[in-house]
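Residue-level listing of the chains:
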Amino acid sequence: MVFHVLTIFPDFFRGPFECGVIDRAQRAGLIEIRLHDLRTWTSDRHRTVDDRPFGGGEGMVLKAQPLFEAVESIWPDRKQGDLRRRVILLSAQGRKFDQGRARDMAEIDELLLICGRYEGVDERVAEHLADEELSIGDYVLSGGELAAAVVVDAVARLKEGVLGNRDSTLYESFSDAGLLDCPQYTRPEEFRGWKAPEVLLGGNHEQIRQWRKEAARAKTARMRPDLLES
Ligand code: SAH
């Protein structure tokens, strides 16, 4: 799977994409991440990507022209609505990202994530270039880069082979069971007087399975009762 990221700050991704699971997945050739500097598609001396908003008001807006030309040069023959090559505009106004959306996206061959900046992006990008607007939550970030990193991470780890153990994504929070993951403990058995649950220390797999199911349900009821309702 190929992730394209269109941004004015390609260096931003040095940290997030060069650590842990995502770094290993790239080295193993399971995913590929291509960072594209939006300023490549400018032609003036200052490599301008933004301009003042029509109608006045605060701040600057990312221009449509470099974004359209970037996508058209990355995928010359793509049309809006292509199911194998999706253009996603990160946006606080978008539909909300969740594990279900991550699973759907993991089925797509290539994703191109557009990172907005400033006051946002010329609306014609949402209307005529992107296939969808996607938000990672109801808060406003200063740019789409953090959101893009979140999406790449959540989608990439669902690809076959990226996590060592295939079952890891089957029994975690927001999987088909509809529950949060169960609480986990590791050594020592007792830490500052707090003991790990006795049942986990014995080798009775059926009891452990039962305990985990119950503990997952109890934690979901406590932290996210909304998940049990739906
Ligand atoms: N004026 C806009 C916010 C612009 S923030 C508004 O009020 O809706 C600048 C950029 O950060 C956006 O273009 C978008 O790409 C990104 N961004 C901000 N919040 C985001 C969120 N919750 N999810 C995804 N991207 C976000």
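Residues numbered from 1 in each chain as written. Predicted model: local features only at pLDDT ≥ 70, side-chain atom pairs only at ≥ 80, totals over all residues. Heavy atoms only, no water.

A. Molecular detail of helix α3 (residues 64-74). All of the buried residues along α3 are Ala64, Pro66, Leu67, Phe68, Ala70, Val71 and Ile74. Looking at the packing, one finds that the buried side of α3 touches β1 (2-7), β2 (32-37), β4 (61-62), β5 (85-96), β6 (110-114) and α5 (123-128). (Buried < 20%, exposed > 50% of the residue type's maximum accessible area, 1.4 Å probe, protein only. Helix = DSSP H or I, 4+ residues; strand = E, 2+ residues; numbered from the N terminus. Contact = heavy atoms within 4.5 Å.)

B. Quick look at the packing of aromatic side chains. What the rule picks out here adds up to three aromatic pairs. Between Phe13 and Phe17, the ring centres sit 5.0 Å apart and the planes meet at 15°, which makes this aromatic pair stacked. The pair Phe13 / Phe17 is uniform in exposure class, with both members buried. Between Phe191 and Trp194 the ring centres are 6.2 Å apart and the planes differ by 40°, which places this aromatic pair in the tilted class. Look at Phe191 and you get partly exposed, because its relative accessible area is 43%. Through a chain of ring-to-ring contacts, the aromatic side chains of Phe12, Phe13 and Phe17 assemble into a single cluster. (Phe/Tyr/Trp six-rings, centres within 6.5 Å; stacked < 30°, edge-to-face > 60°.)

C. Representation of the pattern of salt bridges. Within this structure, the stated rule accounts for 17 salt bridges. In this structure, Arg85 engages Asp82 in a salt bridge whose closest nitrogen and oxygen atoms are separated by 3.0 Å. The exposure classification of Arg85 matches that of Asp82, with both residues buried. Between Glu132 and Arg86 there is a salt bridge; the shortest N-O distance is 3.9 Å. Pair noted here: Glu132 is in strand β7 (residues 132-135) and Arg86 is in strand β5, with a separation of 46 residues, a long-range link. Both residues of the pair, Glu132 and Arg86, belong to the buried class. One continuous salt-bridge network, built from bridges that share partners, spans Arg86, Arg101, Asp104 and Glu132. (Salt bridge = Lys/Arg side-chain N within 4 Å of Asp/Glu carboxyl O.)

D. Up close: the sheet that holds β2. Ordered in space as β2-β1-β6-β5-β7, the five strands form an open sheet in which the pairing is parallel. Each edge of the open sheet carries a strand with a single partner, namely β2 and β7. Neighbour-to-neighbour, the strand axes of the sheet open up by a mean angle of 30°, direction not taken into account. Sheet topology places β5 next to β6; five bridges connect them, and they run parallel. Bridge pairing in β6 links Arg85 to Glu110. Of the strands in this sheet, β1, β2, β5, β6 and β7 are in contact with helix α6 (residues 145-156), which crosses β1 at around 175°. (Pairing = 2+ DSSP bridges. Axes fitted to C-alpha atoms, helices over the stretch in contact; angles between N-to-C directions.)

E. Expanded view of unusual backbone geometry. Looking along the chain, the bond that leaves Arg187 and enters Pro188 is cis, with omega of 0°. Looking at the secondary structure, you find Pro188 in the loop between α6 and β8 (190-191). The backbone phi angle of Phe174 is positive, close to 70°, even though this residue is not glycine. Relative to the helices and strands, Phe174 is located in the loop between α6 and β8. The partly exposed category is assigned to Phe174, whose relative accessible area is 37%. For Arg192, which is not glycine, the phi dihedral falls at a positive 50°. Residue position: Arg192 is located in the loop between β8 and β9 (194-195).

F. Looking closely at the nonpolar core. In this structure, Phe3, Phe97, Val151 and Val155 are the most contacted members of the largest nonpolar core, which totals 31 residues. Of the residues forming this core, the biggest block, eight residues, is contributed by α6. Setting aside residues no more than four positions away along its own chain, Val155 makes contact with Met1, Phe3, Phe97, Ala102, Met105 and Ala106. Judged by nonpolar contacts, the second largest core, of 22 residues, contains Leu38, Val49, Ala70 and Val125. (Core = buried A, V, L, I, M, F, W, Y, C linked by side-chain atoms within 4.5 Å.)

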